[in-house]
Amino acid sequence: MSTIEIAALLVVLTAALGWINHVAIGLPHTIGLLLMGLAASLILVGVEVAVPDIHVYEDLGGLLRRIDFKETVLNGFLAFLLFAGALHVDVSLLRRRAWAVGSIATVGVLISTAVVGFGLWLVAGLLGLAIPLAWALVFGALISPTDPVAVLSTLKSVKVPETLELDMSGESLFNDGVGVVVFTVVVAVAAGTGETGAAEPLHIARLFFVEALGGAVLGLCTGWVAYRAMRRIDNYPLETLISIALAIGTYVAAARLHTSGPIAVVVSGILIGNRGPNDAMSELTERYVFGFWQLVDEILNSILFLLIGLEVLVLGFTRDLVPLALAAIPLALLARFVAVGGPVLALRHRQHFVAGTVPVLTWGGLRGGISIALALSLPDVPEKPALLAATYAVVVFTIVVQGLTLRAVVRRAVAPGGAE
């Protein structure tokens, strides 16, 4: 099949399953697509086992392997999805929550990486699986950042207090940049391909500075140029085109300049989303630009969640990895609780937190396509199947179980006007 035929098949399948879910099942749209994709994958596996002469599983698996999931997510969908999410962030509120968002998105990721890494190393040893500590820490790095796509999609159907919503969305938008840097460093150390100084604190600090701060500066510059260009005209098709160019151009430029593309796109989107409606867009332009990005967000979200469900066809993990995959779920939850609770406890005297912040942030820390994409990008080492199995188990659990029950957790945990 050609690229356009594969794309057409995905879009048609997404639309058809989305319609079935809306009419007959009634689950939240993205979760319904993930579950139907997963169910279809498992049914095909069962058919292949029951009737060995039928090669549907093998054929569809080969088709899905032609879709580079890592490339599709990290260098395709992510720029547009992050920009669409950042457009709706209130910068004045974000400024007031800077300490909370910043600490959880940075220190929290590092704490979670350590807790998950050491925990997985110990659990693997108890299960008789030889996973070196360095590769266990790689899993900790790729599973620790919350996925902005999954978090923002869930927040659309769950009502939480404004400050808590910003803590969740702001952290998810910024922590992938931090997570990717940590992942890059730990993989280099684990694979033994990094420079001699890869594990030195100074080298790691330099990577953080260049990637994170450089990405923020780049996003500020490109966002300002786009904002000034929009301010000089009143033409909604052209201004929508400028916003598209801003999202993809900033992401590509960040990759060329070796800075964080996710952070650059988020900063540029926040700038346009806050300055544009006040100074650069007419009411008509604002309606079209924001409406366009809402549609992009919904469509790409739908395709991505269906792909996550179907991806089980190509992961190829075996039955003996199931115990490790299941053990990774409570381990990831424990690490998330420590990573959130630590910063909240440290900041509670200078930053207001609504009652229930820790349980809601813990249960609302959804993982998604970014974690799977990072896991699939690992070199072909003996530990890769085990790490893939653990990643997929955590992602599916957080999106399906935590996503569907987050509303109940919010209702139980959040007391109006309370503080921690």
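A quick note: this is a predicted structure, and the numbers were derived from the prediction, not measured.

Where helix H11 (residues 236–256) contacts helix H12 (residues 261–280), the axes come no closer than 8 Å and their chain directions differ by 155°. In terms of orientation, H11 and H12 fall into the roughly antiparallel class. Crossing handedness for the pair H11 and H12: right-handed. For the pair H11 and H12, contact is made by Glu239, Leu246, Ala247, Thr250, Tyr251 and Ala254 and by Gly261, Pro262, Ala264, Val265, Ser268, Ile272 and Ala280, respectively.

So, on to H11. Residues spaced three or four apart along an α-helix point in a common direction, a consequence of the helix completing one turn every 3.6 residues. The end-to-end C-alpha distance of H11, which contains 21 residues, comes to 30 Å, matching closely the 30 Å that a straight helix rising 1.5 Å per residue would cover. Those residues of H11 lying buried are Glu239, Thr240, Ile242, Ser243, Leu246, Ala247, Thr250, Tyr251 and Ala254. The backbone nitrogen of Leu238 lies 3.1 Å from a side-chain oxygen of the residue at the head of H11, namely Asn235. Phi turns positive one or two residues past the end of H11, at His258, with a value near 60°.

Moving on: the packing of aromatic side chains. For the structure on display, the rule yields six aromatic pairs. Ring geometry for Phe292 and Trp293: centres 5.4 Å apart, planes at 85°, overall edge-to-face. Judged by relative accessible area, Phe292 falls into the partly exposed class, the value being 28%. Among the residues examined, Trp293 registers a relative accessible area of 1% and is labelled buried. Pairing Trp363 with Phe397 gives two aromatic rings, centres 6.3 Å apart and planes at 85°, and the pair type is edge-to-face. Highlighted residues: Trp363 in helix H16 (residues 357–363) and Phe397 in helix H18 (residues 384–413), separated in sequence by 34 residues. Here the aromatic residues Phe80, Phe83, Phe292 and Trp293 are joined through ring pairs into a cluster of three or more. For Arg97, the ring lying beneath its charged end belongs to Phe353, and the centroid distance is 5.2 Å. The ring of Trp99 is capped by Arg350, whose NZ or CZ atom sits 4.2 Å from the centre of that ring.

What follows is about the environment of Tyr227. For Tyr227, the position within the fold is in helix H10 (residues 201–231). As for Tyr227 and Ser268, which are separated by 41 residues in sequence, their C-alpha atoms are 9.3 Å apart. Residues contacting Tyr227, with those up to four places away along its chain left out, are Leu271, Ile272, Arg275, Gly276, Asp279 and Ala280. Polar side-chain contacts of Tyr227 include one of 3.2 Å to the side chain of Arg275.

This brings us to helix H9 (residues 162–191). In a regular helix each residue adds 1.5 Å, so 30 residues correspond to 44 Å; H9 covers 43 Å between its end C-alpha atoms and thus fits that length. A maximum bend of about 35° is found in H9 at Asn175. Buried residues dominate H9, accounting for 22 of its 30 residues.

Here we take up the nonpolar core. Counting residues in each nonpolar core, the largest one holds 122 residues, and the members touching the most others are Val138, Phe139, Leu142, Ile272 and Ile308. Sort the elements by how many residues they give to this core and H18 lands first, with 14 residues. Setting aside residues no more than four positions away along its own chain, Leu142 makes contact with Phe183, Ser371, Leu374, Ala375, Leu378 and Thr391.

Procedures and definitions
Residues numbered from 1 in each chain as written. Predicted model: local features only at pLDDT ≥ 70, side-chain atom pairs only at ≥ 80, totals over all residues. Heavy atoms only, no water. Axes fitted to C-alpha atoms, helices over the stretch in contact; angles between N-to-C directions. Helix = DSSP H or I, 4+ residues; strand = E, 2+ residues; numbered from the N terminus. Parallel < 35°, antiparallel > 145°, perpendicular 65-115°, else oblique. Left-handed = near helix turned anticlockwise from the far one by under 90°. Contact = heavy atoms within 4.5 Å. Expected span 1.5 Å × (residues − 1). Buried < 20%, exposed > 50% of the residue type's maximum accessible area, 1.4 Å probe, protein only. Polar contact = N/O pair within 3.5 Å; in protein donor to acceptor, adjacent residues only side chain to side chain. Phe/Tyr/Trp six-rings, centres within 6.5 Å; stacked < 30°, edge-to-face > 60°. Lys NZ or Arg CZ within 6 Å of the ring centre and 35° of its normal. Bend = angle between axes of the 7 residues up to and from the residue. Core = buried A, V, L, I, M, F, W, Y, C linked by side-chain atoms within 4.5 Å.

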